Amino acid sequence: MNTFVIADPNKCIGCKTCQIACVIAHSDEDIFNPDCKNISFNPRLSVVKTAEVSAPIQCRHCEDAPCANSCPNGSIVNKNGSIQINEETCIGCKTCLMACPLGAIELVDHYRDGQKVVQPNLIDMDSKKLCFKERIIANKCDLCINRDNGPACVEVCPTDAFKIVKDEDIKQSVKDKRNKSVSLL
């Protein structure tokens, strides 16, 4: 069973602190530097707000992940109990974006060493000349896999709206529901 993060919309106040923490956790840059022109501000979750509710939308690290199943070159894999994207092999084809039932994947500019990566060898079909476009890649929650304290969103949420869900949590929830339904009989 994969681990994932879930947020309680009854606790979420829509402050977007989780998005900022996510960007900081995945950036080597000083995102608060006003002189920086190419800031990679790409949170791996998005907060949706309506008049009645606000809640973060993020990857659920599905067991049989539609995004991974649709990826034409195997750039999305189940690794250590979570669904991960290999940014170096992602071709930005958008199939994972269309396959995700939660809308938890976005396409973003690819950055390397603080600079946008340019796609090599693209030819403009009208002029038949080389053209240069920024490379785009899939972007989604990776559970802050390289962060010692785990997901940054969970750590910084001022209302404790986030919860890390692990295999044992699901098993206990199923057991509790079964016990409850048996006691109702």
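Residues numbered from 1 in each chain as written. Predicted model: local features only at pLDDT ≥ 70, side-chain atom pairs only at ≥ 80, totals over all residues. Heavy atoms only, no water.

Visitor: Any chance you could break down the overall build of the chain for me, citing the residues and the numbers?
Guide: Check the secondary structure of the chain and you find five helices and twelve strands. When the 185 residues of the chain are sorted by exposure, 32% land in the buried category. Partitioning the contacts of the chain with sequence separation of at least 6, the portion at a separation of at least 24 is 63%. Between the mean site of the 23 positive side-chain charges and the mean site of the 24 negative ones, the chain shows a separation of 5 Å. (Helix = DSSP H or I, 4+ residues; strand = E, 2+ residues; numbered from the N terminus. Buried < 20%, exposed > 50% of the residue type's maximum accessible area, 1.4 Å probe, protein only. Contact = heavy atoms within 4.5 Å. Lys, Arg positive; Asp, Glu negative; His and termini not counted. Charge placed at Lys NZ, Arg CZ, Asp CG, Glu CD.)

Visitor: Let's hear about the pairing of strand 10 (residues 130-134): which residues, and what values?
Guide: In terms of residue burial, strand 10 counts as a barely covered element, since only zero of its five residues are buried. Note that strand 9 (residues 118-123) and strand 10 share four bridges and pair antiparallel. From the neighbouring strand, leucine 122 faces strand 10, where its bridge partner is cysteine 131. (Pairing = 2+ DSSP bridges.)

Visitor: I'd love a proper account of helix 1 (residues 17-25), names of residues and values included.
Guide: All buried positions along helix 1 are accounted for by Cys18, Gln19, Ala21, Cys22 and Val23. Taken together, the buried residues of helix 1 touch strand 2 (46-49), strand 3 (54-57), helix 4 (152-156) and strand 12 (162-165).

Visitor: Any details on the side chain of serine 75? Residues and values, ideally.
Guide: Position of serine 75 relative to the elements: it lies in the loop between helix 2 (66-70) and strand 4 (76-79). At a separation of 3.1 Å, a polar atom in the side chain of serine 75 contacts the side chain of asparagine 73. At 3.3 Å, the side chain of serine 75 and the backbone nitrogen of cysteine 90 are in polar contact. What serine 75 contacts, discounting residues up to four positions off in sequence, is Gln84, Ile85, Asn86, Thr89 and Cys90. (Polar contact = N/O pair within 3.5 Å; in protein donor to acceptor, adjacent residues only side chain to side chain.)

Visitor: Before we move on, could you go through the pattern of salt bridges and cite the residues and values that matter?
Guide: Scanning the model with the defined rule gives six salt bridges in all. The partner of arginine 112 in a salt bridge is glutamate 88, and the shortest N-O contact between them spans 2.6 Å. Residue arginine 112 is found in strand 7 (residues 111-112), and its partner glutamate 88 is found in the loop between strand 5 (82-85) and helix 3 (95-99); the two are separated by 24 residues along the sequence. By relative accessible area, arginine 112 is classed as partly exposed at 40%. Here the salt bridges do not stand alone but share partners, grouping Arg44, Glu87 and Asp142 into one network. (Salt bridge = Lys/Arg side-chain N within 4 Å of Asp/Glu carboxyl O.)

Visitor: Can you explain the pairing of strand 5? Please cite residues and give values.
Guide: Burial along strand 5 is two-sided: the residues Ser82 and Gln84 and Ile83 and Ile85 are all buried. Taken together, strand 4 and the strand that follows it, strand 5, pair antiparallel across an intervening segment of two residues, in which asparagine 80 is found at a positive phi of about 55°.

Visitor: Just give me the short version of unusual backbone geometry, but keep the residues and values in it.
Guide: Phi at lysine 128 takes a positive value of approximately 60°, unusual for a residue other than glycine. When you line up the elements, lysine 128 lands in the loop between strand 9 and strand 10. The phi torsion at aspartate 160 lies on the positive side, around 55°, for a residue other than glycine. Structurally, aspartate 160 is set in the loop between helix 4 and strand 12.

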